[in-house]
Amino acid sequence: MKKDNSFLMALLAAVLLTVIVILIVEARDYRRNLEAVPDYVDVALIALDGEARSGLPLNEVRNIVIHYTGNPGAAAGKIRDYCNERDAHAAPHFIIGLEGEIIQCIPLNEKASASNERNGDSLSIEVCHRDESGEFTKESYAALVKLTAWLCGKYGLTENSVIRHYDITGKECPLCFVENENAWQEFKADVRENIQ
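First, a word on scope: everything that follows refers to the structure included in this document. (Residues numbered from 1 in each chain as written. Predicted model: local features only at pLDDT ≥ 70, side-chain atom pairs only at ≥ 80, totals over all residues. Heavy atoms only, no water.)

On to unusual backbone geometry. Of note, the bond from Cys173 into Pro174 is cis; its omega dihedral lies within 30 degrees of zero at -10 degrees. Note that Pro174 resides in the loop between helix H4 (165-169) and helix H5 (175-178). (Helix = DSSP H or I, 4+ residues; strand = E, 2+ residues; numbered from the N terminus.)

Now for helix H3 (residues 138-155). Taking 1.5 Å of rise per residue, 18 residues should cover 26 Å, and H3 covers 26 Å from first to last C-alpha, within 8% of that figure. Regarding H3, the residues found buried are Ser140, Ala143, Leu144, Val145, Leu147, Thr148, Ala149, Leu151 and Cys152. (Expected span 1.5 Å × (residues − 1). Buried < 20%, exposed > 50% of the residue type's maximum accessible area, 1.4 Å probe, protein only.)

Now for the state of the cysteines. For the structure shown, the criterion picks out zero disulfides. Between Cys83, a cysteine without a disulfide, and Cys105, which holds the nearest cysteine sulfur, the sulfur-to-sulfur distance is 5.4 Å. Judged by its relative accessible area of 5%, Cys83 falls in the buried class. (Disulfide = S-S within 2.5 Å.)

Right, let's talk about the sheet that holds strand S5 (residues 122-127) for a bit. On the basis of which strands lie adjacent, the open sheet formed by six strands has the order S1-S4-S3-S5-S2-S6 and mixed pairing. Two strands in the sheet have a free side with no partner beyond their single neighbour: strand S1 (41-43) and strand S6 (162-164). Ignoring which end each strand starts from, the neighbouring axes of this sheet average 25 degrees apart. Sitting on the sheet, helix H2 (residues 76-83) touches strand S3 (94-96) and strand S4 (102-104), and the angle it makes with S3 is about 150 degrees. Set on the sheet, helix H6 (residues 181-194) makes contact with strand S2 (63-68) and S6; between it and S6 the angle comes to about 155 degrees. (Pairing = 2+ DSSP bridges. Axes fitted to C-alpha atoms, helices over the stretch in contact; angles between N-to-C directions. Contact = heavy atoms within 4.5 Å.)

Counting buried residues in S5 gives six out of six residues, a clear majority hidden from the surface. Side chains Ser122, Ser124 and Glu126 project from S5 onto one buried face, and the interleaved Leu123, Ile125 and Val127 project onto a second face that is buried too. Taken together, the six bridges between S2 and S5 define a ladder with parallel strand orientation. Its bridge partner lying in S5, Ile66 is registered against Ile125. With three bridges connecting them, S3 and S5 associate as parallel partners. Across the sheet, Ile96 pairs through a bridge with Val127, a residue of S5.

What follows is about the pairing of S2. Among the six residues of S2, six are classified as buried, and the element is accordingly described as predominantly covered. Every second residue of S2 is oriented toward a common face, with Asn63, Val65 and His67 on one face and Ile64, Ile66 and Tyr68 on the other, all of them buried. Where S2 lies against S6, three bridges are found, and the strand directions are parallel. Of the residues in S6, the one forming a bridge with Ile66 is Arg164.

Time to look at the packing of aromatic side chains. Considering all chains together, one arrives at five aromatic pairs under this definition. Consider the rings of Phe136 and Phe177, whose centres lie 5.5 Å apart with planes at 90 degrees: the pair is edge-to-face. Of the two residues, Phe136 is situated in the loop between S5 and H3 and Phe177 in helix H5; the sequence distance between them amounts to 41 residues. Of the residues examined, Phe136 reaches a relative accessible area of 12% and is grouped as buried. A centroid spacing of 5.9 Å and a plane angle of 70 degrees characterise the contact between Tyr141 and Phe187, whose relative ring orientation is edge-to-face. Taken as a pair, Tyr141 in helix H3 and Phe187 in helix H6 lie far apart in primary sequence, 46 residues in all. Under the relative-accessibility criterion, Tyr141 is labelled partly exposed at 22%. Judged by relative accessible area, which is 0%, Phe187 ranks as buried. (Phe/Tyr/Trp six-rings, centres within 6.5 Å; stacked < 30°, edge-to-face > 60°.)

Structural measurements only, silent on function.
Here you go:
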């Protein structure tokens, strides 16, 4: 009986130590990440679970990939919460809401699971939209330009490094920039004007 208790105590101590180490690592990453993004970004990292957030390092940033949710009227917080569910398979680095709010889901130094084979060398931004047209609100568009330009400046990229999910897979994402090439080019020009 005493032997069984010793084993259980050792197992409990090992589990407790593992949990403490995970919490310390996540707290360190959270603090480091807070310093890495502007104060207009709400840092709400999703849980490290292996699929939506693998924790794998992002070794380089060659592109910034623009997406849309494909879920008309969905709020940024709801999309973030969905990405945080255990059965979620994908999550972007950032989600931009209908009112221009920006939520960060994945640290900048980690791979996101949003851009298919480009997850290893790109940052992803998902944008909410009101209706089936996929058009962004004025607020979400302004936030997208601001965030994208900041990321370009941070990583030494130009507007030509900004791509659509469509450019990777052919998927009509983001719809408003796939169906209207002029809008896409105008967006890239707006990003260029705001890179610092």
